[in-house]
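Inside the fold
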Amino acid sequence: MSQSSDLIQSAQRTVRLELEAVTGLLPRIDADFVRACEMILASKGRVVVVGMGKSGHIGNKIAATLASTGTTAFFVHPAEASHGDMGMITRDDVILALSNSGSTNEIVTLLPLIKRLGIQLISMTGNPDSPLAKAAEVNLNVHVEHEACPLNLAPTSSTTAALVMGDALAVALLEARGFTAEDFAFSHPGGALGRRLLLKVENVMHAGQELPQVQRGTLLKDALMEMTRKGLGMTVILEADGKLAGIFTDGDLRRTLDRAIDIHHATIDQVMTVHGKTARPEMLAAEALKIMEDHRINALVVVDKEDRPIGAFNLSDLLRAGVM
């Protein structure tokens, strides 16, 4: 029990110290922060993030967050920059350099070259009087009183503070650029949000020979055969001019059987759902899913501008596409 208590107290102390570190950033979101944002927004190039050790790991994450939220960014290892990777950085770029001490040798070594090339520099340090902070056009102060490490040595609170400051920078830039959920989806085409916001009805619908369809007046038994052949659990019913007359689904079939209708002699007109809900091919698949959920239906007919059926899909199609 004593060991368990000690472990819990240690973990809670860590959380408290890191919470204090993050809270301490609030008064430092000031004119320097605004200036850093303005520099990046005005830049014609990219944000190049550099950092060594744990600061490098945090820098990698900040670069990834910036890149996925509308600010073109990438990470360069400062030691590699001294051995050729400076060629990846142009005069139009902005460098965001992370160093808690502000005196990391691998970064300080780059300062003369950065100045000679006239590249704008933003520093993120825990020491505003450090060589890196003084060399930068603006310094984002991420100083912490204590690391969560009981030896006050291992980067813990300081890296958390730097990470949160990086997130604050990325989100402020996101909002300033008017970055939208659709923009985010284009940066994440493989993610769930990307699929929901980029996939359109035309990408999931069955069209051409795959579309089950019969004419008005068709016998119900023949319409059922068309449904069986196409395997969508539904069929479209067409007017003589090719426009949508109605839809007949597996659900309609169950209701028809409850009514004791003779399926061998009845026509599809007697049992179909007249017209029914429809979708357009350019509609987002997520919008079509909302229609299906709101009306508790399992399939939708896709029509063109003249209300002529050009496709159909069901919930299984949306499930396979990762929309739901």
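Going by what an unreviewed UniProt entry lists, the protein is known as Arabinose 5-phosphate isomerase and is assigned to Pseudomonas silesiensis. UniProt's Subunit (unreviewed entry) comment on the protein is quoted here verbatim: "Homotetramer." On record in UniProt, under Sequence similarities (unreviewed entry), the comment for the protein is "Belongs to the SIS family. GutQ/KpsF subfamily."

1. Examining the pattern of salt bridges
Within this structure, the stated rule accounts for 12 salt bridges. Between aspartate 294 and lysine 290 there is a salt bridge, with its nearest N and O atoms 2.7 Å apart. Taken together, the residues aspartate 294 and lysine 290, both in helix α15 (residues 285–295) and four residues apart, mark about one turn of the helix. Judged by its relative accessible area of 48%, aspartate 294 falls in the partly exposed class. A single salt-bridge network, built from bridges that share partners, covers Arg216, Glu239 and Asp269.

2. A look at the pairing of strand β8 (residues 244–249)
Counting buried positions along β8 yields six of six residues, so the element is predominantly enclosed. Pairing of strand β7 (residues 234–238) with β8 involves five bridges; the strand directions are antiparallel. Bridge assignment links threonine 235 to a residue of β8, and that residue is phenylalanine 248. Between the antiparallel neighbours β7 and β8 lie five residues, among them glycine 242 with a positive phi of about 90 degrees. Alignment of β8 against strand β9 (residues 273–274), held across two bridges, turns out to be antiparallel. Pairing of glycine 246 across the sheet is with valine 274, part of β9.

3. A word on the sheet that holds β8
Across the sheet, which stays open at both edges, the four strands sit in the order β6-β7-β8-β9 with mixed pairing between neighbours. Where the open sheet ends on each side, the last strands, each with one partner, are β6 (213–215) and β9. Sheet strands touched by helix α13 (residues 250–258): β8 and β9. Its angle to β8, the strand with the most contacts, is close to 75 degrees.

4. As for helix α3 (residues 53–68)
In a regular helix each residue adds 1.5 Å, so 16 residues correspond to 22 Å; α3 covers 23 Å between its end C-alpha atoms and thus fits that length. Within α3, the full set of buried residues consists of Ser55, Gly56, Ile58, Gly59, Ile62, Ala63, Thr65, Leu66 and Ser68. In the stretch just after α3, glycine 70 is the one whose phi turns positive, near 100 degrees.

5. Quick notes on the domain arrangement of the protein
Assigned domains of the protein: these are domain 1 (3–179) and domain 2 (201–321). When each unit is reduced to the centre of its C-alpha atoms, the spacing between domain 1 and domain 2 is 56 Å.

6. Concerning the UniProt feature "domain: CBS" (unreviewed entry) in the protein
With numbering matched to this structure, UniProt assigns "domain: CBS" (unreviewed entry) to residues 205–263 and 272–324. Helix makes up 34% of residues 205–263 and strand 24%, with an end-to-end C-alpha separation of 28 Å.

Basis of the calculations
Residues numbered from 1 in each chain as written. Predicted model: local features only at pLDDT ≥ 70, side-chain atom pairs only at ≥ 80, totals over all residues. Heavy atoms only, no water. UniProt positions renumbered as here; feature names shortened; annotations may be inferred. Salt bridge = Lys/Arg side-chain N within 4 Å of Asp/Glu carboxyl O. Helix = DSSP H or I, 4+ residues; strand = E, 2+ residues; numbered from the N terminus. Buried < 20%, exposed > 50% of the residue type's maximum accessible area, 1.4 Å probe, protein only. Pairing = 2+ DSSP bridges. Contact = heavy atoms within 4.5 Å. Axes fitted to C-alpha atoms, helices over the stretch in contact; angles between N-to-C directions. Expected span 1.5 Å × (residues − 1). Domains from an automatic or database assignment.

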